[in-house]
Amino acid sequence: MVLELGTVVSTVLNGLVNGMILILVAAGLSLIFGLMRVVNFAHGSFYMIGAYTAALTATNIGFYPALVLAAVVAGVVGMVLEFVTLRPLYDRDPLLQLLATFAIALMIRETIKFLYGTGSLSMNAPMALRGSVQLSGFSYSAYSILLLLVGGVIIFAIDKTLRSTNVGSIIRGAAHDDEIIRILGINIDWYWTAVFGVGTALAGVAGALVGPIRQIHPAMDFTILLPAFVVVILGGLGSFRGSVLSGILLGQVMSFTTLYWAQGSEIIAFILLVVALLIRPEGLLGEPEVIE
Amino acid sequence: MTVDERSVILARARSTIESLGEYSFVLFLGFTVTLPFGLQLAGISLTYAIEILVFALAAYGVHLLYGYTGLLSFGHAAFFGGSAYVTTYLLVEYQLPLLSAIILGVLAAIVLAAVIGFFSIRQYGIYFAILTLAFGQILFFLVRQLDITGGVHGLIGLFDRPPINLGVFSYGINNTLQLYGFVAVLTVTVIYLLLRFLNSQLGSVLIAVRENERRAASIGYNVRRAKLISFVISGAITGLAGALYTIYLGIANPDLLHWSISGEFLFIVILGGAHTFFGPVVGSVIYYTLRETITTITDRWQFFVGLLFLLLVHFAPEGFVVLLYDKGRSVFTDD
């Protein structure tokens, strides 16, 4: 099927937008796993918390403040949960941790259903961005441009932090071998809480950004979580740049798949995941794990 | 109590419970027989008993794989739902006798388990869990789309269940008590066979694999084959539960393949105790009791499942049976 240039452009753009959202969610997930070896099945819940926070407050405090609030709420809730429920479990069976995060996800989802019902909420983009923008003959949704800009800035900031600051080095070092970091006298536990908080805040921002263009409902936690897992594993558990790469990739793959097979994008994501797990579980940029 | 004392008690509890084997089995038998009468006395519908047993049986599949072989599967809904669909399809489209449909449904689950297991076994721990989840989701999305499986709505089964014909003997299962009897007999039989299996040589191999795979391999056990056998048997058990469930429900829909069903099985296993043989039965009773009691107050009963689960993971990771045993012991002894 020969594609019109216009179709290609809009598909690529959609893919970039999807990819950006996936990256924001997956990045947090990947950092949390890389550092703490915790597979956070509740990560999508923070995405959902961000979306709900923004949707409920945007008309009152403004769109951009709502984005920030979403990040803060998701981050704080994340840190509190980490401290209360996950920290005591770190020396336990990692499968139990996985199930614990699953239980947390369930509780968060039920709480949201209880507070806001089982239907969807809606959220509007800021007035200035509701239309489209013309660039070299193609029209783009103005909101998508904003989303890509905001997302891009955040990702750049995080990458810079990880590469160029002391905190970033500690985090990357601890992802390799946390015992050595402890021996150096650094109290890694609070770093973990902080990373967890940043990770969940990222997911929260993603949820808030997505508010105007996707459905906000109590099932959105898992609609993002599973594709985010695909991105994390494809990119390599623990690798931030890997998540960025695979996020962009998966975003495009899913976008183009939808052109030919409407329901196929999710299946393709999972097929990719299966293939990745079987051939190269450490992903594009990850490191092979030593199996104990 | 120090950590050491506590772990000694837990170890003793575990081994006592594991050795109780035959005695608990009689208890279990008694339970299945008295359950319907007890429920009738309490004015609760008998359908509840069927659901408890079916989900307990399904959870036994996950239990075998996790508690005894050390593999956590997040994708067992594939076998549950897959078998359900095949059974319903055969009953409706081909009017197969009930037992044949069930057997073929279980066979379908076995084939699925063989394929999924073959690939999933290659990975460990968390990767294994995510792999099974991915396979489960692929199947879920496929079933939702294909016309042959009725798309999003699924397949409608038989409202009037045909009786089971075994030569001269015919057993109708149209009313709930009869259906319960059928489900109970099958469940008890399978669980008994499972108990014998775990106490056999192959069962010991599985436990050895769970404890330390490398050591098991160095002794000479074929670890990969053991894991695959365990996976297939586990899929068959959950598949049987799926076939029974769809006969009871009268429909087969894509929700039966959703990962949340796999999650329910896991909750049930952990609630009862991952290393307690009758854990899934206890877990299923607790799970459904929670549902029935809390739904009278609020629809959000699953919140409490999650909460209970979290508390359990923190304070009683071996599940309710061991928790009660531990508490009971400290009441009766001076420890």
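Here goes a summary of the coordinates provided.

The rules behind each value
- Residues numbered from 1 in each chain as written.
- Chains lettered and ligands numbered in written order.
- Predicted model: local features only at pLDDT ≥ 70, side-chain atom pairs only at ≥ 80, totals over all residues.
- Heavy atoms only, no water.
- Axes fitted to C-alpha atoms, helices over the stretch in contact; angles between N-to-C directions.
- Helix = DSSP H or I, 4+ residues; strand = E, 2+ residues; numbered from the N terminus.
- Parallel < 35°, antiparallel > 145°, perpendicular 65-115°, else oblique.
- Contact = heavy atoms within 4.5 Å.
- Nonpolar A, V, L, I, M, F, W, Y, C, P; charged D, E, K, R; others polar.
- Salt bridge = Lys/Arg side-chain N within 4 Å of Asp/Glu carboxyl O.
- Buried < 20%, exposed > 50% of the residue type's maximum accessible area, 1.4 Å probe, protein only.
- Core = buried A, V, L, I, M, F, W, Y, C linked by side-chain atoms within 4.5 Å.
- Polar contact = N/O pair within 3.5 Å; in protein donor to acceptor, adjacent residues only side chain to side chain.

1. Some remarks on the packing of helix H7 (residues 201-211) of chain B against helix H9 (residues 223-249) of chain B
Residue and element names in this part refer to chain B.
Working step 1: Between H7 and H9, whose axes approach to 10 Å, the crossing angle comes to 110°. Of the possible angle classes, the one that applies to H7 and H9 is roughly perpendicular. Here Leu202, Val205, Leu206 and Val209 of H7 come into contact with H9, specifically with Val223, Ala226, Lys227, Ile229 and Ser230.
Working step 2: Class assignment of the residues belonging to the contact of H7 with H9 gives a composition of seven nonpolar, one polar and one charged.

2. Observations regarding the environment of Tyr127 of chain B
Working step 1: Tracing the backbone through its elements, the reader meets Tyr127 of chain B in helix H5 (residues 125-145).
Working step 2: In this structure, the C-alpha to C-alpha distance between Tyr127 of chain B and Leu72 of chain B, residues 55 residues apart in sequence, is 9.8 Å.

3. Quick word on the pattern of salt bridges
Working step 1: Within this structure, the stated rule accounts for eight salt bridges over all chains.
Working step 2: With a shortest N-O distance of 3.5 Å, Glu110 of chain A and Lys113 of chain A are connected by a salt bridge. Here Glu110 of chain A and its partner Lys113 of chain A are both found in helix H4 (residues 94-116), three residues apart, which amounts to about one turn of the helix.
Working step 3: With a relative accessible area of 2%, Glu110 of chain A lands in the buried category.
Working step 4: In this structure, Glu213 of chain B and Lys227 of chain B form a salt bridge, with 3.0 Å as the shortest nitrogen-oxygen distance. One end of the pair, Glu213 of chain B, is in helix H8 (residues 213-219); the other, Lys227 of chain B, is in helix H9, with 14 residues separating them in the sequence.
Working step 5: One salt-bridge network, in which partners are shared between bridges, spans Glu110 and Lys113 of chain A together with Arg300 of chain B.

4. Some words on the nonpolar core
Working step 1: With 218 residues, the main nonpolar core has Phe41 and Tyr47 of chain A together with Val54, Phe74, Phe80 and Phe277 of chain B as its most contacted residues.
Working step 2: The contacts of Phe80 of chain B, once residues within four sequence positions are left out, are Val54, Phe55, Ala58, Thr238, Ala241, Gly242, Tyr245, Leu256, Ile261 and Phe265 of chain B.

5. Regarding the interface of chain B and chain A
Working step 1: Between chain B and chain A, the residue contacts involve 40 residues of the former and 46 residues of the latter.
Working step 2: Ionic pairing is found between Glu110 of chain A and Arg300 of chain B, a salt bridge with its closest N-O pair at 2.9 Å.
Working step 3: Here chain B is connected to chain A by four residue pairs in polar contact (both at pLDDT 80 or more).
Working step 4: For the side of chain B that touches chain A, the secondary-structure elements that each account for two or more residues are H5, helix H10 (259-272) and helix H12 (301-315) of chain B.
Working step 5: The element best represented in the side of chain B that touches chain A is H5 of chain B, accounting for 14 residues.
Working step 6: Class assignment for the residues of the side of chain B that touches chain A results in 27 nonpolar, nine polar and four charged.

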